[in-house]
Amino acid sequence: MAPALDKKLTGLVAATFTPFTTQGEINLAEIGPYIDYLTEKQGVNNIFVNGTTGESMSLSVAERKDLAEEWCRKAKGKMDQVIIHVGCMSLTDSKELARHAVQIEADGIAVISPSFFKPSTADALRTFLYQVSSVAPTLPFYYYHIPAVTGVNMPARDVLENIEELIPFFRGVKFSGNDLMDFGQCVSYCQPHWSALYGVDEQLLAALAMGAHGAVGSTYNYVGYHVNELMSAFDHGDIIQARTIQFKIQELLSYAKKLGFDLGVNKQLMNEVSGLSLGPPRLPVMPCPVDQALAIAQKYHSLFSKN
Ligand SMILES: CC(=O)N[C@@H]([C@@H](O)[C@H](O)[C@H](O)CO)[C@@H](O)CC(=O)C(=O)O
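Since the structure is predicted, the reported quantities are computational estimates derived from the model, not experimental observations.

Criteria and thresholds
Residues numbered from 1 in each chain as written. Predicted model: local features only at pLDDT ≥ 70, side-chain atom pairs only at ≥ 80, totals over all residues. Heavy atoms only, no water. Helix = DSSP H or I, 4+ residues; strand = E, 2+ residues; numbered from the N terminus. Expected span 1.5 Å × (residues − 1). Buried < 20%, exposed > 50% of the residue type's maximum accessible area, 1.4 Å probe, protein only. Arc of directions from axis to C-beta. Contact = heavy atoms within 4.5 Å. Pairing = 2+ DSSP bridges. Axes fitted to C-alpha atoms, helices over the stretch in contact; angles between N-to-C directions. Parallel < 35°, antiparallel > 145°, perpendicular 65-115°, else oblique. Left-handed = near helix turned anticlockwise from the far one by under 90°. Nonpolar A, V, L, I, M, F, W, Y, C, P; charged D, E, K, R; others polar.

Student: Sorry, what's going on with helix H11 (residues 239-259) here?
Tutor: In an α-helix, one turn spans 3.6 residues; hence positions three or four apart end up facing the same way. Between its first and last C-alpha, H11 extends 30 Å over 21 residues, near the 30 Å set by a 1.5 Å rise per residue. Among the residues of H11, those classed as buried are Ala 242, Ile 245, Gln 246, Ile 249, Leu 252, Leu 253 and Ala 256. The buried residues of H11 all sit within an arc of 115° when viewed along its axis, so they share a single face. With respect to the buried face of H11, the exposed residues turned more than 90 degrees away are Ile 240 and Lys 258. Buried residues belonging to H11 abut helix H9 (204-209), helix H10 (220-235) and helix H13 (290-303). Of the residues trailing H11, Gly 260 is marked for its positive phi of about 110°.

See the structure below:
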C-alpha cells in the first residue's frame, strides 16, 4: 500500500504510551486492545508512536522497530494514520528507523532534534532532518518541535524555512511548545498540504484559534472523546462550550501537577482510566505511587463522567 501522500493529517492524534510487562520488557500483546480502546472508547483514529510519551529515548532501536511494526500491523483497517517517530541522538539510528518505517508501511515519520549534541543553527537541524528523510524520500515527514525536552530553543518557524526544497514530502510540524507566536508563524508559513499539529494539550484551544489543523498529545489517550467535542464546538463557533471542556482538562492537569505529574503518573492514569495493562514506565522514569494515581483518577472521573 502506498503511503498516505494525499491524506492531510488533521484532528486528534494520540501520542501512545509504550506497553511494558511488569518485568520491563516491551509488551506487544497489549497493542491490539490499546488500538481498540482508542478507536472505540475515545474516538481517536490517529496515533503518534515512539514519541516522548512512548519513551522512545529509553528504547533500543530493535525495540522501537518491533513496536512500530506491531502498531502498524494492528492499526491496519482501524486507524486513519500511524506516524512513527524515528528521531534519535544518532543520525545512523534515525536513518535505520526511517528505512524501517517505509518497510512497515507507516503513514509518516517524525523527527525530533538531537539534544545531547545540539544543532547550533536552524540550517544544521534542517540538514539533519533532510539526511533522515533521504532514506525515506516519499514518506510524509514531520518536524517534531519540543524545546522544553530537547533544550533546542530555535523557533520552529526558522526550521521550516524553505524546508520543502530539501524534503519534498515535508508535511508539517508537531509543535509541543508554549510559544504561540512561533506556532502562529508556523501556521502562517504552512503550505496547504502541510499540517500544524499542536502538542500542549492544556492550551489546545488557543492553538486552534491560531489555526492548528490538529493536535498530538498524551492526554488524548484518555480525554480524546472530550477533546473531539472541544474541537467540534470550536468548529461550530461555540467558544463557550469549547472553553468549558478546555478548562476541565486544565483542572485535571493542574491537580495532577500539584501532586507531581510526570510520565510515570500519566501512564498510570491511563492504566486506571482505560483498564489496559500498559505496565510501569522504564527507568529513569519512576513508577507512580498507587495512592497518587488513584487520587488523580478520581479527579478525572469527577470531571469527565462519560468514561
Ligand atoms: C512534554 C510532553 O510530554 N508533552 C506531551 C503533552 O501531551 C503533555 O503530556 C500534555 O500537554 C500534558 O502536559 C506531548 O506534546 C508529547 C507528545 O506528543 C509525544 O509523546 O511525542
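Student: In this structure, what is going on with the sheet that holds strand S8 (residues 214-217)? I would like to understand it.
Tutor: Either a parallel or an antiparallel arrangement is found when strands of a sheet pair, and the pairing is made through backbone hydrogen bonds. Around the barrel, which closes on itself, the eight strands sit in the order S1-S2-S3-S4-S5-S6-S7-S8 with parallel pairing between neighbours. Neighbour-to-neighbour, the strand axes of the sheet open up by a mean angle of 25°, direction not taken into account. Across three bridges, the pairing between strand S3 (residues 81-85) and strand S4 (residues 108-112) is parallel. Bridge assignment links Ile 83 to a residue of S4, and that residue is Gly 108. Sitting on the sheet, H10 touches strand S1 (11-15) and S8, and the angle it makes with S1 is about 170°.

Student: Got a minute to help me understand the packing of helix H1 (residues 31-42) against H10 in this structure?
Tutor: At a minimum axis separation of 9 Å, H1 and H10 run at an interaxial angle of 20°. Viewed along their axes, H1 and H10 adopt a mutual orientation that is roughly parallel. Crossing of H1 over H10 shows right-handed handedness. Facing H1, whose interface residues are Tyr 34, Tyr 37, Leu 38, Lys 41 and Gln 42, H10 presents Tyr 220, Asn 221, Tyr 222, Val 223, Gly 224, Tyr 225 and Asn 228. Across the contact of H1 with H10, the residue classes tally to seven nonpolar, four polar and one charged.

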